[in-house]
Amino acid sequence: QVQLVESGGGLVQAGGSLTLSCAASGRTFSSYGMGWFRQAPGKEREFVAAISNSGANTYYADSVKGRFSISRDNAKNTVVLQMNSLKPEDTAVYYCAARNFPLGLWSWTTKYDYWGQGTQVTVSS
């Protein structure tokens, strides 16, 4: 079992930056693959970024490549999503997620076993 708590959301102007953090409980954090997803009003939850359990491999949605960066610190049980050059279409609730078997299909929500409560990101134009 792992519990996830996101922080760092807020209101920012287009072109600005935000840093989201996800704090995980438990002693086996380094065994989990981690992902960030987002959900805008009236839309399905979509993949944003993911990172392998060791941090050696990262994966991004095309819509955020070159603007967002995911990283993790296994000693501190945290995963961070650095978001730069934000656009109004990035507005959504952002969720942190963890998966027990971090092999492939990183963008599939069904591959993740644990979810945080989400943090709101609003980008004004």
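Structure first, text after, so check above.
Thresholds, definitions, all that
Residues numbered from 1 in each chain as written. Predicted model: local features only at pLDDT ≥ 70, side-chain atom pairs only at ≥ 80, totals over all residues. Heavy atoms only, no water. Disulfide = S-S within 2.5 Å. Helix = DSSP H or I, 4+ residues; strand = E, 2+ residues; numbered from the N terminus. Buried < 20%, exposed > 50% of the residue type's maximum accessible area, 1.4 Å probe, protein only. Phe/Tyr/Trp six-rings, centres within 6.5 Å; stacked < 30°, edge-to-face > 60°. Lys NZ or Arg CZ within 6 Å of the ring centre and 35° of its normal. Salt bridge = Lys/Arg side-chain N within 4 Å of Asp/Glu carboxyl O. Contact = heavy atoms within 4.5 Å. Pairing = 2+ DSSP bridges. Axes fitted to C-alpha atoms, helices over the stretch in contact; angles between N-to-C directions.

(A) Examining the state of the cysteines more closely. Applying the stated criterion across every chain yields a total of one disulfide. The disulfide bridge from Cys-22 ends at Cys-96, spanning 2.1 Å between sulfur atoms. On the sign convention where negative is left-handed, the bridge of Cys-22 and Cys-96, at about -80° about the S-S bond, is left-handed. A residue pair is termed long-range when its members are at least 10 positions apart, and Cys-22 in strand β3 (residues 18-24) and Cys-96 in strand β9 (residues 92-99) qualify at 74 residues. For the residue pair Cys-22 and Cys-96, the accessibility class agrees, reading buried in each case.

(B) Summary view of the packing of aromatic side chains. Considering all chains together, one arrives at six aromatic pairs under this definition. Arranged with centres 5.9 Å apart and planes meeting at 85°, the rings of Tyr-32 and Tyr-114 form a pair that is edge-to-face. Highlighted residues: Tyr-32 in the loop between β3 and β4 (33-39) and Tyr-114 in strand β10 (residues 114-115), separated in sequence by 82 residues. Each member of the pair Tyr-32 and Tyr-114 is classed as buried. Here the aromatic residues Phe-37, Phe-47, Tyr-112 and Trp-115 are joined through ring pairs into a cluster of three or more. Just above the ring of Tyr-95 sits the side chain of Arg-45; from NZ or CZ to the centre is 3.7 Å.

(C) Quick peek at the pattern of salt bridges. Taken as a whole, this structure holds four salt bridges when the rule is applied. The shortest N-O distance in the salt bridge between Arg-38 and Glu-46 comes to 2.6 Å. Under the relative-accessibility criterion, Glu-46 is labelled partly exposed at 36%. Between Asp-90 and Arg-38 there is a salt bridge, and its shortest N-O distance comes to 2.9 Å. In this pair, Asp-90 sits in the loop between β8 (78-83) and β9 while Arg-38 sits in strand β4, placing the two residues 52 residues apart along the sequence. Just as Asp-90 is buried, Arg-38 falls in that class too.

(D) Main features of the environment of Trp-115. Residue position: Trp-115 is located in strand β10. With relative accessibility at 27%, the residue Trp-115 sits in the partly exposed group. For the pair Trp-115 and Gln-3, spaced 112 residues apart in the sequence, the C-alpha separation amounts to 7.6 Å. Once you skip the residues sitting within four places of it in the chain, Trp-115 turns out to touch Leu-4, Phe-37, Arg-45, Tyr-95, Cys-96, Ala-97 and Thr-109.

(E) Structural view of the sheet that holds β8. One open sheet holds the four strands; their spatial order is β1-β3-β8-β7, and the pairing between them is antiparallel. The open sheet has two free edges, formed respectively by β1 (4-7) and β7 (68-73), since each of these has just one partner strand. Here the average twist between neighbouring strands, direction ignored, is 15°. Here β3 pairs with β8 via six bridges, running antiparallel.

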